[in-house]
Amino acid sequence: MTTGLVGGAGLLVPYLPHAAADTTGTTAMPTATGAAPPAVIPQFGVPLTIPPVLSPTSTSATTDYYTVTMQKAYTEIVPGTKTEVYTYNGSFPGPTIKARFQRRAVIKQINNLDSSVSVHLHGGNVPQDSDGSPMNLIDPGGAKNYTYPNDQDNATLWIHDHAHHMESENVYRGLTSLYLLSDDLERSLPLPSAEYDVPLILRDGRFDATGKLVYELDDHTQRNTILVNGRPWPYFQVAARKYRFRILNASNSRIFSLKLSDNTSFIQIGSDGGLLEKPYTTANLMLSPGERAEVVIDFSGYPLGTQLVLTNPGMPGTPETGQVMRFDVTRTAVDRSSVPDSLGELAPPQTATVNRTFVLRMDEDGRQGAAAYINDKTYDANRIDTRIDWGTTELWTVTNANQYAPHNFHLHQVQFRVLERNGKAPTPDEGGLKDTVRLFPGESVKLLITFDSYEGTYPYHCHLFDHGAMGMMGNMQMG
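Scoring rules and cut-offs
Residues numbered from 1 in each chain as written. Predicted model: local features only at pLDDT ≥ 70, side-chain atom pairs only at ≥ 80, totals over all residues. Heavy atoms only, no water. 1 Å grid on protein atoms, 1.4 Å probe; cavity = no way out; pocket = protein on both sides within 12 Å on 5 of 7 lines; lining within 4 Å. Points joined across faces, edges and corners; volume = space filled by probe spheres on them. Helix = DSSP H or I, 4+ residues; strand = E, 2+ residues; numbered from the N terminus. Nonpolar A, V, L, I, M, F, W, Y, C, P; charged D, E, K, R; others polar. Pairing = 2+ DSSP bridges. Axes fitted to C-alpha atoms, helices over the stretch in contact; angles between N-to-C directions. Buried < 20%, exposed > 50% of the residue type's maximum accessible area, 1.4 Å probe, protein only. Contact = heavy atoms within 4.5 Å.

This next bit is on the layout of surface pockets. Computed from the structure, the largest pocket encloses a volume of approximately 790 Å³. Lining the largest pocket are 32 residues, and of these D153, A347, Q415, L433 and D452 lie nearest its centre. Listing elements by their share of the lining of the largest pocket, those giving two or more residues are β17 (274-282), β27 (416-421) and β29 (444-450). When residues in the lining of the largest pocket are grouped by element, the largest group, 4 residues, is from β17. Here the residues of the lining of the largest pocket sort into 14 nonpolar, 11 polar and 7 charged.

Right, let's get into the sheet that holds strand β9 (residues 176-182). Strand order in this open sheet of 4 strands is β4-β9-β8-β6, and the pairing throughout is mixed. Both edges of this open sheet fall to β4 (97-100) and β6 (119-122), since each of them pairs with a single strand only. With strand direction ignored, the average angle separating the axes of adjacent strands in the sheet is 25°. Across 4 bridges, β6 lies against strand β8 (residues 155-161) in antiparallel orientation. Following the sheet pairing, H120 is matched in β8 by H160.

The next subject is the environment of L217. Structurally, L217 is set in the loop between β10 (197-205) and β11 (225-228). For the pair formed by L217 and A469, sequence separation is 252 residues and the distance between their alpha carbons is 8.9 Å.

Counting through the fold element by element, F101 comes out in the loop between β4 and β5 (104-111). F101 sits in the partly exposed class, given a relative accessible area of 32%. On a C-alpha basis, the gap between F101 and Q152 in space is 6.6 Å, while along the polypeptide they are 51 residues apart. Setting aside chain neighbours within four positions, we find F101 in contact with N150, D151, Q152, L181, S182 and D183.

With that settled, the discussion passes to empty space enclosed by the protein. With the rule as written, the count across this model stands at 5 cavities of 30 Å³ or more. Considering only enclosed or pocket space, the largest cavity measures out at about 70 Å³ in volume. Around the largest cavity sit F92, P93, V171, G174, T176, I201, R203, N229, G230 and A250, which together line it. Partitioning the lining of the largest cavity into residue classes produces 5 nonpolar, 4 polar and 1 charged.

All we've got here are geometric facts, nothing functional implied.
Written out as structure tokens, the structure reads:
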């Protein structure tokens, strides 16, 4: 088994992006001996689909109640075949829940799968018993109610499995859905809305000729199919006007570096924890697994008939992974939306009174049973690694000590500010609230975190799911 090495065993190439690189010269990984041959899936052959919005089963003056069933289903990804996937309510990816600030959501999750699961609201500020920690499981045939107070600002959050040692495969097979939290500020802004507010859930996969979704721990260099909202390299017919795209990297391990094929800039308006203070114009957007960003793309300057590709240049992978999806400008439309110069105001950062250091590392010498560590320890569900006094503000320095493997760092329960990346101030794309931050080999970040929400025990970990499953996770106790 390879362990985060780009190119697989015996080919030790640092996982570093090259913004101007051309992916057309890369080659696919060989098929494992005895495995079914890989599927051939045409690019831009199917339309983008939008996940359905889930309606409450009931409501009260303060609460919306939902019921979700985790179950297997079949969907066409490889032309002419059906692929078995894991789903929330039979949808791949799962249905979107639209929540409102200070209006509680209670979701009954029913497990009709064959394995245990744990449901985590990624980025959510929730009580410990609703966090979906790795050992807080729903066994097959069981059910659990998760309560989300929604007492945080607007944000594009998401739901995924978190059962330890199983989260990697469960998410890879489909247990992903969006959770969009809005507030009065966001709704008051003249941003594109309704049908022009579009989710894009990005991930990769590997399929054999029978349409089977092939899973192998840490085989990201062999996952040669890009899916957007569960569809392989889709096209999306757009009007010549502005669109708001909520982008989630739901991959197990793949890092995306997104650009438009004509190098046109777009406007980033949000990150993990909600809207930025000011819009940021950029031609490139990098997202590691678990990270989200909101961008506005203006198609009004393109003539009808234009085909514009969203690309992923310079990142490790087969040639096919250098393309993501295509926008087809097919019609005109009235556009009264705009991107204001100010999107909101973040609370002033507090002064840190505690400093901590976290070193991420994994075995990358090709050994069998490779493990992944935080501060040289693998995950122990019964061990408290970090004790935090409630209400304190801390400065965490997180470093990737590997030579080849990328990592990222995700904290449950809290949003943080990135103060430094490699000794320098972060670029504006990391200037908002974050809950997940990328770390290429040798990189270091400083994170400012205020622990003033719910008391209890919550994990922090690498959100490259395979690395977390290999042990790169710890527990923090607040209170």
